[in-house]
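Residue-level structure breakdown
Each chain, letter by letter, is given below.
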Amino acid sequence: MDDDVRNIVLGLIATGLSGGIGWFARTYLWRRALRRKQAFFGLPTGSDCLFVVGRQMGGTESSVHRNDAFALLEVSSLIRDCGANVQIVTQDEVRQGFGERAEFCVGGPAANSRTAAHLASMLPGVRTDVGLASGHPDRGAIRIGGQAYRWEKGQVDHVLLARLTTERGSRPVFLISGQTAISNQAATRYLARHHVRLARRYRDEPFCVVLKVVNSDAYGPDVTELVADVTRDARTPAAEAA
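Description of the structure in this document. Here the structure is a predicted model, which is why all the values come from computation and not from measurement. (Residues numbered from 1 in each chain as written. Predicted model: local features only at pLDDT ≥ 70, side-chain atom pairs only at ≥ 80, totals over all residues. Heavy atoms only, no water.)

The next thing to look at is the overall build of the protein chain. A tally of helices and strands in the protein chain yields 7 helices and 10 strands. The buried share of the protein chain, reckoned over its 242 residues, is 44%. At a minimum sequence separation of 6, the contacts of the protein chain that also span at least 24 residues come to 64%. (Helix = DSSP H or I, 4+ residues; strand = E, 2+ residues; numbered from the N terminus. Buried < 20%, exposed > 50% of the residue type's maximum accessible area, 1.4 Å probe, protein only. Contact = heavy atoms within 4.5 Å.)

Here it is in structure tokens:
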């Protein structure tokens, strides 16, 4: 074998080895990222999860708000990437506890009774002013730890985004409780875009944050800001906090 042939053979071998190592590294990193995503969302391959929505006011028995449907689209790719299956149910069709299946519960307590149940049992420090008359400045305000997050129609919408668990190893509930339907969609979009950062910060621990949707009349759900981490105050009963 002359030098030219030997160099060609060695070059092919080196190319094959480097390509194989690169493929292995990419596959390893992809699988590790997938495992972390599945652990954060509680969605191992082949598992089932619930997407719980409130019924649309004035709609038919099975209708949901258009923005709640958009919210499902925001997280559907995450569910599909994890190899899981989703079942869409309305608030009054769910007759089970939490922890056995991952759950995405979307809608404020006035629109979704399951949200109200989750807030009462797992986030007792959260209060929502839902009974005030239209036009009252505190109507729809979310109160946590002495702080009021008020709603300004079309200008400022707030939404709670929480990951809730009851014990280690149980499947999480992702609670999205917004002042408007568009804020619910904004929170699911924020979760889809920033789940890696949230997983790094909180790992498998529960958390609750307040997000602000800026000028939804002009920008829709696109401009969303993180306002505060309210995990401790939200999990502390209001009477104790006072």
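So, on to the pattern of salt bridges. Evaluated as defined, the whole model comprises 6 salt bridges. Measuring nitrogen to oxygen at the nearest pair gives 2.9 Å for the salt bridge that ties Glu 74 to Arg 189. With Glu 74 in helix α2 (residues 66-81) and Arg 189 in helix α4 (residues 181-202), this residue pair connects regions lying 115 residues apart in the sequence. Classification of Arg 189 by relative accessible area gives buried; the value is 14%. Lys 212 serves as the salt-bridge partner of Glu 225, at 3.8 Å between the closest nitrogen and oxygen. (Salt bridge = Lys/Arg side-chain N within 4 Å of Asp/Glu carboxyl O.)

Examined against the element boundaries, His 158 turns out to sit in strand β7 (residues 156-164). By relative accessible area, which is 7% here, His 158 ends up buried. At 2.9 Å, the side chain of His 158 forms a polar contact with the backbone oxygen of Arg 150. Here His 158 is in contact with Ile 142, Tyr 149, Arg 150, Gly 178, Gln 179, Ser 183, Val 210, Leu 211 and Lys 212, once residues within four sequence places are set aside. (Polar contact = N/O pair within 3.5 Å; in protein donor to acceptor, adjacent residues only side chain to side chain.)

Once that is clear, we can look at the packing of α2 against α4. The interhelical angle for the contact between α2 and α4, taken along N-to-C directions, is 10 degrees, at an axis separation of 8 Å. With respect to α4, the axis of α2 lies roughly parallel. Residues Asn 67, Asp 68, Phe 70, Ala 71, Glu 74, Val 75 and Leu 78 of α2 pack against Ala 181, Ile 182, Asn 184, Gln 185, Thr 188, Arg 189, Ala 192 and His 195 of α4. The class makeup of the residues in the contact of α2 with α4 is 7 nonpolar, 5 polar and 3 charged. (Axes fitted to C-alpha atoms, helices over the stretch in contact; angles between N-to-C directions. Parallel < 35°, antiparallel > 145°, perpendicular 65-115°, else oblique. Nonpolar A, V, L, I, M, F, W, Y, C, P; charged D, E, K, R; others polar.)

The next thing to look at is the packing of aromatic side chains. Counted by the stated rule, this structure contains 7 aromatic pairs. An angle of 40 degrees between the planes, with centres 5.2 Å apart, marks the rings of Phe 41 and Phe 174 as tilted. Of this pair, Phe 41 sits in helix α1 (residues 3-41) while Phe 174 is found in strand β8 (residues 173-178), placing the two residues 133 residues apart along the sequence. What makes Phe 174 buried here is its relative accessible area of 0%. Relative to Phe 207, the ring of Tyr 202 has its centre 4.4 Å away and its plane inclined at 20 degrees; by these criteria the two rings are stacked. (Phe/Tyr/Trp six-rings, centres within 6.5 Å; stacked < 30°, edge-to-face > 60°.)

The next thing to look at is α2. Note that an α-helix has 3.6 residues per turn; residues three or four places apart therefore point the same way. Taking 1.5 Å per residue, 16 residues should reach 22 Å; α2 reaches 24 Å between its end C-alpha atoms and fits that length. Residue Val 75 marks the point of greatest curvature in α2, where the axis turns by about 35 degrees. Listed in full, the buried residues belonging to α2 are Asn 67, Asp 68, Ala 71, Leu 72, Glu 74, Val 75, Leu 78 and Ile 79. In the stretch just after α2, Gly 83 is the one whose phi turns positive, near 75 degrees. (Expected span 1.5 Å × (residues − 1). Bend = angle between axes of the 7 residues up to and from the residue.)

Moving on, we come to α4. Under the 1.5 Å per step criterion, the end-to-end length of α4 is only 26 Å for 22 residues, more than 12% shorter than the ideal 32 Å. Along α4, the sharpest change in direction is near 70 degrees and occurs at His 194. Two residues or fewer past α4, Arg 203 is found with a positive phi of approximately 55 degrees.

Now for the side chain of Thr 180. Along the chain, Thr 180 falls in the loop between β8 and α4. The class of Thr 180 is buried, set by a relative accessible area of 18%. The contact partners of Thr 180, leaving out residues within four places of it in the chain, are Trp 151 and Asp 157.

The values reported here are purely geometric and, on their own, carry no functional implication.
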